[in-house]
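Coordinate analysis (summary)
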Number of protein chains: 4
Amino acid sequence: MQEHPHLEREFRYIPEKAKWKRQLCRIIYRADTPMGKLFDISLLILIFVSTFIVMMESVPSFDLKYHTIFVTLEIIISVIFTIEYVLRIVTIRNKKDYIFSFFGVIDFLAIVPFYLSLFFPVTKFFLIIRMLRMLRIFRILNLLDFMNDGFLIVKALKSSSRKIYIFLLFLMIFSVVVGSMMYMVEGHKAGFESIPQSIYWAVVTVTTVGYGDVSPTTPLGKFFAIVLMLAGYSIIAVPTGIVTAEMRNKRQNLEKTCPRCKNEDIDDDANYCKKCGESIVH
Amino acid sequence: MQEHPHLEREFRYIPEKAKWKRQLCRIIYRADTPMGKLFDISLLILIFVSTFIVMMESVPSFDLKYHTIFVTLEIIISVIFTIEYVLRIVTIRNKKDYIFSFFGVIDFLAIVPFYLSLFFPVTKFFLIIRMLRMLRIFRILNLLDFMNDGFLIVKALKSSSRKIYIFLLFLMIFSVVVGSMMYMVEGHKAGFESIPQSIYWAVVTVTTVGYGDVSPTTPLGKFFAIVLMLAGYSIIAVPTGIVTAEMRNKRQNLEKTCPRCKNEDIDDDANYCKKCGESIVH
Amino acid sequence: MQEHPHLEREFRYIPEKAKWKRQLCRIIYRADTPMGKLFDISLLILIFVSTFIVMMESVPSFDLKYHTIFVTLEIIISVIFTIEYVLRIVTIRNKKDYIFSFFGVIDFLAIVPFYLSLFFPVTKFFLIIRMLRMLRIFRILNLLDFMNDGFLIVKALKSSSRKIYIFLLFLMIFSVVVGSMMYMVEGHKAGFESIPQSIYWAVVTVTTVGYGDVSPTTPLGKFFAIVLMLAGYSIIAVPTGIVTAEMRNKRQNLEKTCPRCKNEDIDDDANYCKKCGESIVH
Amino acid sequence: MQEHPHLEREFRYIPEKAKWKRQLCRIIYRADTPMGKLFDISLLILIFVSTFIVMMESVPSFDLKYHTIFVTLEIIISVIFTIEYVLRIVTIRNKKDYIFSFFGVIDFLAIVPFYLSLFFPVTKFFLIIRMLRMLRIFRILNLLDFMNDGFLIVKALKSSSRKIYIFLLFLMIFSVVVGSMMYMVEGHKAGFESIPQSIYWAVVTVTTVGYGDVSPTTPLGKFFAIVLMLAGYSIIAVPTGIVTAEMRNKRQNLEKTCPRCKNEDIDDDANYCKKCGESIVH
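Residues numbered from 1 in each chain as written. Chains lettered and ligands numbered in written order. Predicted model: local features only at pLDDT ≥ 70, side-chain atom pairs only at ≥ 80, totals over all residues. Heavy atoms only, no water.

1. Some details on the overall build of chain A
Cut-off, in case you're wondering: Each helix corresponds to a stretch of at least 4 residues labelled H or I by DSSP, and each strand to a stretch of at least 2 residues labelled E; elements are numbered beginning at the N terminus. Throughout, a contact is declared for two residues whenever any of their heavy atoms are within 4.5 Å. We get accessible surface area from the Shrake-Rupley algorithm with a probe of 1.4 Å; when it comes to residues, only the shown protein chains can shield them.
Looking only at helices and strands, chain A has 12 helices and 0 strands in total. In chain A, of all internal contacts separated by at least 6 residues, the share reaching a separation of at least 24 is 56%. On chain A, roughly 13,400 Å² of surface is accessible, and the fraction owed to carbon and sulfur atoms is 69%.

In structure tokens, the structure reads:
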């Protein structure tokens, strides 16, 4: 249980008492046995195959040629996913916790569209919800101990999330104001017919995407666009600065060791080493 | 008064002596009572509704359908805003300070176009000035204690603003020079008919926006564009570097604590802790 | 002489012995007298007016209307610039140093095209060289003590220039290789007719400019482009990382003070304070 | 051998015993003699000429004019490269190590297409593999002691590579999910005919490249694109943050010196100076 502290926090797996259920639960929910690893890797491959089929099916030329193959594979995968989902529920004691956990909901949504599509053909397109199962890769990578670096990113993003929200809020208001002004400046011409349209242009410009489907045509509009682009070019530094400062900080905390006893278990807010009392320089 | 030191600095609210005015002033200008919070949140919603209506009104198809609804809502909102503006003036003692403060001016500009539009139909479009009221969200967030992280960004931007101005000045001169050279290189062809036009292209390119409405067509022009793009790609590091270095610095200052007595009240330029005399490592 | 150490390093102004020349020299080359400041600011305005005229002259519709005004103003400015250039040479003792200094050459190139254009009409377009005089703004800002922050940027860029050159070299080779591969992949189709053309596309893509004048059309080409874009998106972090690390470092050095005696004159490579011997933590 | 520690690690050159072979080996593989430097620089020039010819040959108009010159030069260069390759093998004792080293394989691939093209005309296009020889520039720069700064970048990228892989993995899954949703939203219209096509659009947008060959046309699609662009604009901070934090860290390690004895040979994970036992503050 100790190896995956991050995991435990979000959902604690308590297997059923019956021995075969306990063994199966370990294979399904853990990766500390060869069978468990095999299960996780097979599942990963299956998820990618399933995603690939949904993608290919959407290409008309492929669908025309291999329609029957696609449909057959889809049925097989849906059945396997259903079995997996049922097993996940059966082998665990705290069933509700799993069903309403993040991955539990996605696992459910990934199989429902298939059964609905048997009765209502339109819903078949909702198979793309199945793609969200790809997020399970991060969970499996975590089980296989590949994610220490990933957690650093996630921790840095989490602790700077409020700053990023405020930045995005500012960016949105900025885009709305600039878009509206451009709507006046360009005189409701092509691409700037309405304020929402002009806001779309402002976002395309300020984020430096620049599709070019809408671009200013009047000299004043171009001058205005120049100002906006230079602003956007400077503004991009803000999220970068936020995340960089935070990531560097998180990194330092992870690396912090006591200079006297080399104790590595030091809290973020510690001023002294817990073990030897050595003062810690932040 | 203590909770919002940043606020106090920009504008100090001194309520009128009459009791009902004092109570109203507290509701309008502060958020430390349930009524005050309710007022701020209602105002926020109203501002967004007002912005939304101005946006929707600019879409021809929506305006055709819901013109009367839009006009009615606009009248209602304008009246409410007027009442709010009058109350703000009535309940405060230092009226001039409010009227000529940043938000005071915006509040005024947000209601004037409506009354003018009653006589001169053209000015109705100036209703988009009302969108600037959205900036009040930052003030309200501040009142509701959501803005500690925001101030860090603002502080970092302020203390690096001079560096950014110099950078923008350099970028502008760079664009003018490069644009002029491109005007010579591309031989006054499509999109490069004049120097201002070529400068527009240079800014679009160097900021990596790249609309594609103007792009080089001659081999020499393309070679030149390659050099400019590579330059722009390297130059983008400069504002990022400025803001990141500043943000990290500001962050450290905010976090600085005395290693001996854990005193957190340490000035930016302090070399020793005020309370215990411990030397502080920068 | 002490106030502008950065200035002195690049070019030392030794005025002529005659009193009126010495006084004039001080006005022209320095900004420590009211007359000197006035001279610098007037020159700045004149340079911008001159740049503005060259820009406006290139716009056909403006040139048609105001041709005579433009020509007159050009003659006046050229004459003033010539007088300034002559005075700069006359009032200074080390004439050669000025003439072959960076600004000396630009000052010369800014007036030559005008006199040549009297005889050979084509060379008139070389008036845009005059725009390079705008760079003098940085020199004047320096004289007026606005550039302390600017030097930080320049110092950071200089000390990371070698890293940036290596990065640009890598980027160029990367673009050449990727462009050539794309030339094979897209099968010499529109926009990828030759390897140089494909390299142009690779640079446009990897720098995230994305004009869209050339874009892949085949599925394989699009897949290839996706890989390139994701690479480019990650690569952009490299110059940013270089400059940020360097700028932060420069900033720390500028701020470094001895924790014991508060001595601020500490060399970059110092391990001990020069004055009190206190060890300095890097 | 000491001067190039990084070099030695990847491939150790042990020259043949015969004296002329030993001397030749030193010239070919090293740059510590005037002849060795001359050889390296000549090789560099030849590689660039060879790359330039392949590039120019692909331009139809140039090929038409100078076809014979190109072919002649190609034969000469191929022969020289062959001689070089043979000499590299002859003069070194551990032949297998060279042949299967990174540069050994590229050197081989650079000459093979020419000999194959004598029999099978199609393979001539594989001459562009020769461009990979340009990577040798980094090896030669290393030999000529230009690469200390380059290694810092490489070290920083290597130690942050796992974080970047996880980030790219996330970005890919994000693009697939967003692309699929856009396929639904835009209703299989122009540019969004299939999921792979929509994923292409998502990558173009999220990396801020924005060709504009595919862009949303429906209001809902545009709203969706705005959300995606704002997300992409914030996400770009992540790789930057990773590399910057790592580069700064590497830089500090390279600069780390013992505050007492000024010993510069300090390991990354050292807590005490090896020589005098002084504690080292991280």
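2. What about the relation of the copies chain D and chain B?
To keep things clear, this is the line we draw: The fit set for superposing copies consists of C-alpha atoms from residues with pLDDT of at least 70 in both; the fit itself is least squares.
At an RMSD of 0.1 Å, chain D and chain B line up after a rotation of 180 degrees and a shift of 0.0 Å along the axis. Classification of the inter-copy transformation places it as that of a two-fold axis.

3. Remarks on the environment of I76(A)
Mapped onto the elements, I76(A) comes out in helix α4 (residues 60-90). The spatial distance from the C-alpha of I76(A) to the C-alpha of S50(A) is 9.9 Å, given a sequence separation of 26 residues.

4. Some thoughts on the packing of helix α2 (residues 19-29) of chain A against α4(A)
Residues and elements named next belong to chain A. The condition is simple: Angles here are taken between N-to-C directions and fall from 0 to 180 degrees, while the axes themselves are lines fitted to C-alpha atoms, restricted in helices to the stretch in contact. Roughly parallel means an angle under 35 degrees; roughly antiparallel, over 145; roughly perpendicular, 65 to 115; everything else is oblique. Note: crossing handedness is left-handed where the near helix turns anticlockwise from the far helix by less than a right angle, and right-handed where it turns clockwise. Amino acids outside the nonpolar list (Ala, Val, Leu, Ile, Met, Phe, Trp, Tyr, Cys, Pro) and the charged list (Asp, Glu, Lys, Arg) are all regarded as polar, and Gly is one of them.
Contact pair α2 / α4: the axes reach a minimum separation of 9 Å and the direction vectors enclose 120 degrees. For the element pair α2 / α4, the angle class is oblique. As α2 packs across α4, the resulting crossing turns out to be left-handed. Side by side, α2 and α4 meet where W20, K21, L24, I28 and Y29 of the first sit next to L87, R88 and V90 of the second. Residue classes in the contact of α2 with α4 are distributed as 6 nonpolar, no polar and 2 charged.

5. A few points about the packing of aromatic side chains
Note the following rule: Paired rings are identified among Phe, Tyr and Trp, the last through its six-membered ring, by centres lying within 6.5 Å, and are further divided according to the angle between planes into stacked (under 30 degrees), edge-to-face (over 60) and tilted (the rest). For every residue, the accessible area obtained with a 1.4 Å probe (protein chains only) is divided by the maximum for its type, and the residue is called buried under 20%, exposed over 50%, and partly exposed between those limits. Think of it as a cone above the ring: NZ of Lys or CZ of Arg counts as a charge over the ring if it is within 6 Å of the ring centre and within 35 degrees of the ring normal.
On inspection of all chains with the given rule, the structure shows 44 aromatic pairs over all chains. With a centroid separation of 6.3 Å and 70 degrees between ring planes, the pair formed by Y66(B) and F70(B) is classed as edge-to-face. Of the two residues, Y66(B) and F70(B) both sit in helix α4 (residues 60-91), 4 residues apart, roughly one turn of that helix. Note on F114(D) and Y115(D): the rings are 5.1 Å apart at their centroids and 75 degrees apart in plane angle, and the pair reads as edge-to-face. Residue classification places Y115(D) among the partly exposed residues on the basis of a relative accessible area of 33%. Over the ring of F81(A) we find R133(A); its NZ or CZ atom is 4.5 Å from the centre of that ring.

6. Observations concerning the interface of chain D and chain B
When the parts come together, some accessible area is lost, and that loss is often what is quoted as the size of the interface. Rules: By buried area we mean the combined loss of accessible area, with a 1.4 Å probe, across both parts when two parts are placed together. By convention in these notes, a salt bridge is any Lys or Arg side-chain nitrogen within 4 Å of a carboxyl oxygen on Asp or Glu. A 3.5 Å cut-off defines polar contacts: any pair of N or O atoms within that distance qualifies, except that in protein one atom must be a possible hydrogen donor and the other a possible acceptor, and neighbouring residues in sequence count only when both atoms are side-chain atoms.
The interface is formed by 4 residues belonging to chain D together with 4 residues belonging to chain B. In this assembly, chain D packs against chain B so that about 170 Å² is buried in total across both faces, 33% of it on carbon and sulfur atoms. Sorting the residues of chain D by area buried against chain B places T208(D), G210(D) and T240(D) first, and these three jointly supply 61% of that buried surface. Taken together, chain D and chain B are joined by 0 salt bridges. Across the contact surface, chain D and chain B share 0 residue pairs in polar contact (both at pLDDT 80 or more). Residues belonging to the side of chain D that touches chain B are distributed by class as follows: 1 nonpolar, 3 polar and no charged.

7. Looking at the pattern of salt bridges
All told, the structure shown has 32 salt bridges over all chains when counted by the stated rule. Notably, a salt bridge pairs D32(C) with R30(C), separated by 2.9 Å at the nearest N-O pair. With a relative accessible area of 13%, R30(C) lands in the buried category. The salt bridge partner of R88(D) is D107(D), with a shortest N-O separation of 3.8 Å. Of this pair, R88(D) sits in helix α4 (residues 60-90) while D107(D) sits in helix α6 (residues 102-117); the two residues are 19 residues apart in sequence, bridging distant segments of the chain. Given the relative accessible area of 2%, R88(D) is considered buried. Given the relative accessible area of 4%, D107(D) is considered buried.

8. Brief notes about the nonpolar core
As a reminder, the rule being used: In these notes, a set of buried Ala, Val, Leu, Ile, Met, Phe, Trp, Tyr and Cys residues joined through side-chain atoms within 4.5 Å is what counts as a nonpolar core.
Counting 264 residues, the largest nonpolar core has M131(A), W201(A), M131(B), W201(B), W201(C) and W201(D) as its most contacted members. Ignoring any residue separated from it by four or fewer positions in sequence, one finds M131(B) in contact with V176(A), V177(A), S180(A), I195(A), T51(B), V54(B) and M55(B).

9. Here's the deal with the interface of chain B and chain A
Every contact between the two is made by 55 residues of chain B and, on the other side, 50 residues of chain A. Overall, the association of chain B and chain A removes approximately 4,500 Å² of surface from exposure, summing both partners, and the carbon and sulfur fraction of that is 72%. Of all residues in chain B, Y200(B), Y211(B) and R248(B) give up the largest surface area on contact with chain A, accounting jointly for 15% of the area buried on that side. There are 0 salt bridges connecting chain B and chain A. Linking chain B to chain A there are 7 residue pairs in polar contact (both at pLDDT 80 or more). With 8 residues, helix α12 (residues 237-255) of chain B is the largest single contributor of residues to the side of chain B that touches chain A.

10. Focus on the UniProt feature "transmembrane region" (unreviewed entry) in chain A
Where we set the bar: UniProt positions are given in the numbering used here, feature names are shortened, and annotations may be inferred rather than shown by experiment.
The UniProt feature table records "transmembrane region" (unreviewed entry) at residues 38-56, 68-87, 99-119, 164-185 and 223-245 of chain A. Within the segment residues 68-87 of chain A, helix and strand shares are 100% and 0% respectively, and the terminal C-alpha atoms sit 29 Å apart.

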